[in-house]
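Topology and contacts: notes
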Amino acid sequence: MLDRAICHYQTRVNNTLATIFNQLPITDAKLLEAMRYAVLLGGKRVRPFLVYASGEMLGAKTEHLDALAAAVECIHAYSLVHDDLPAMDNDALRRGQPTVHIAFDEATAILAGDALQTLAFEIIAECPLPAYAEANRIKMIQVLAKASGYQGMCGGQAIDLASTGQRIDINKLTQLHQLKTGALIRSAVQLGMLAAPNGSAEEHASLVDYAEKIGLAFQVQDDVLDIVGDTEQLGKPQGSDLAADKSTYPALLGLDGARDVAQTLYQDALTAVTKLPYNSELLEQFARYIIERNQ
């Protein structure tokens, strides 16, 4: 069930993104190609999956979620392009392929990230929404903006850069990843909720709790895979966090301790979502996928 759903949603968001890029005028062919390369190179599409799965669970039609899934993936792609830059993590490999600044050049990569970020908000501002969700359009933009900026990914990345070469405590590390990784994952679930006709404030709070738990679990598993994974499966150099002397959950807690944290977060995520009066099986399976994946 989960594999089929992941494949289905990946296909939908990839087709939506391809259509969006095919409809963009050619202002600069190189920049457009770099943007397309960054977004359509591949990826697990975790965040679009959560837009679809949470929205559909609450009664949204799939076609009303396509643009929102594409928007959140544009933000994710922008963040990866900028994270890979020499001034940030200085990575040459992403998803098994040269990173954007390697495949093109550094200035084009910076512009591609900038353009993908703004494209995300253009998509949400202009996409068709059902009448019941129209009142939530500004809230959708607000949710994604907050998750992307100072109170989300950018703030988390700043903490990450400042913490490199140091040993921060577990509370600071948790804050780092709640912002850098977890905020965008939480916003994906919120976008799905805002596009759906059903769900009380209490039910929405439970879904947000679920998203926060799996968002942190996702990063814990990433830290584990940096040690036990391999470059071919990961699509990026294995051991890159260790080589960069970054603070990670295994570095602070040991490998077994980090895995224990992931298991606890998984159980907490299940507790949050299984009490909802909807069929939450897909979200439950996805939570397990998050902590068992090998890439």
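Throughout what follows, the structure given in this document is the object of discussion. Nothing here was measured: the structure is a model prediction, and the numbers come from that model.

In this section: helix α4 (residues 66–83). End to end, α4 covers 26 Å across 18 residues, agreeing with the expected 26 Å (1.5 Å per residue, within 8%). In terms of residue burial, α4 counts as a mostly covered element, since 18 of its 18 residues are buried.

Before going further, it helps to spend a moment on the packing of aromatic side chains. By the definition in use, this model includes five aromatic pairs. Each ring, one from F49 and one from F286, has its centre 4.1 Å from the other, and the planes form 15°; the classification is stacked. Taken together, the positions of F49 in helix α3 (residues 46–57) and F286 in helix α15 (residues 281–292) put the pair 237 residues apart, joining distant regions of the chain. For F49, a relative accessible area of 2% gives the class buried. Classification of F286 as buried rests on a relative accessible area of 1%.

We now examine empty space enclosed by the protein. Taken as a whole, this structure holds two cavities of 30 Å³ or more when the rule is applied. Of the voids in this model, the largest cavity is the one considered here, and its volume is about 90 Å³. Y37, A38, L41, A77, L80, V81, D84, R94, R95, P98, T99 and V100 are the residues that line the largest cavity. Within the residue set of the lining of the largest cavity, elements represented by two or more residues are α2 (29–40) and α4. At three residues, α4 tops the list of elements feeding residues into the lining of the largest cavity.

Okay, the pattern of salt bridges next. Tallied over the entire structure, the rule returns 12 salt bridges. For D105, the salt bridge identified is with K30, shortest N-O distance 2.4 Å. Here the residue D105 occupies a position in the loop between α5 (100–103) and α6 (106–126), and K30 occupies one in helix α2, the gap between them amounting to 75 residues. In this structure D105 comes out as partly exposed when scored by relative accessible area, which is 23%. Owing to a relative accessible area of 41%, K30 belongs among the partly exposed residues under this scheme. The salt bridge involving D160 is made with K180; its shortest N-O contact spans 2.7 Å. Placement of D160 in helix α9 (residues 153–163) and of K180 in helix α10 (residues 170–194) is noted, with a sequence separation of 20 residues between them. No difference in accessibility class separates D160 from K180, as the two residues are buried. Each of R45, E73 and R95 takes part in salt bridges that share partners, so that together they form one network.

Together, I170, L252 and L253 make up an exposed nonpolar region whose accessible area comes to about 200 Å². With respect to the helices and strands, L253 occurs in helix α14 (residues 249–274). You can call L253 partly exposed: its relative accessible area is 37%.

So, about unusual backbone geometry. In this structure, N90 is a non-glycine residue whose phi angle is positive, near 55°. Its place among the elements puts N90 in the loop between α4 and β1 (93–94). In the Ramachandran plot, R95 falls in the positive-phi region, its phi being about 55° despite a non-glycine side chain. Following the sequence through the fold, R95 ends up in the loop between β1 and β2 (97–98).

Rules of the game
Residues numbered from 1 in each chain as written. Predicted model: local features only at pLDDT ≥ 70, side-chain atom pairs only at ≥ 80, totals over all residues. Heavy atoms only, no water. Helix = DSSP H or I, 4+ residues; strand = E, 2+ residues; numbered from the N terminus. Expected span 1.5 Å × (residues − 1). Buried < 20%, exposed > 50% of the residue type's maximum accessible area, 1.4 Å probe, protein only. Phe/Tyr/Trp six-rings, centres within 6.5 Å; stacked < 30°, edge-to-face > 60°. 1 Å grid on protein atoms, 1.4 Å probe; cavity = no way out; pocket = protein on both sides within 12 Å on 5 of 7 lines; lining within 4 Å. Points joined across faces, edges and corners; volume = space filled by probe spheres on them. Salt bridge = Lys/Arg side-chain N within 4 Å of Asp/Glu carboxyl O. Patch = residues over 30% accessible without salt bridge, like charges linked within 9 Å, V, L, I, M, F, W, Y side chains within 5 Å. Areas by Shrake-Rupley, 256 points an atom, 1.4 Å probe, with all protein chains shown as cover.

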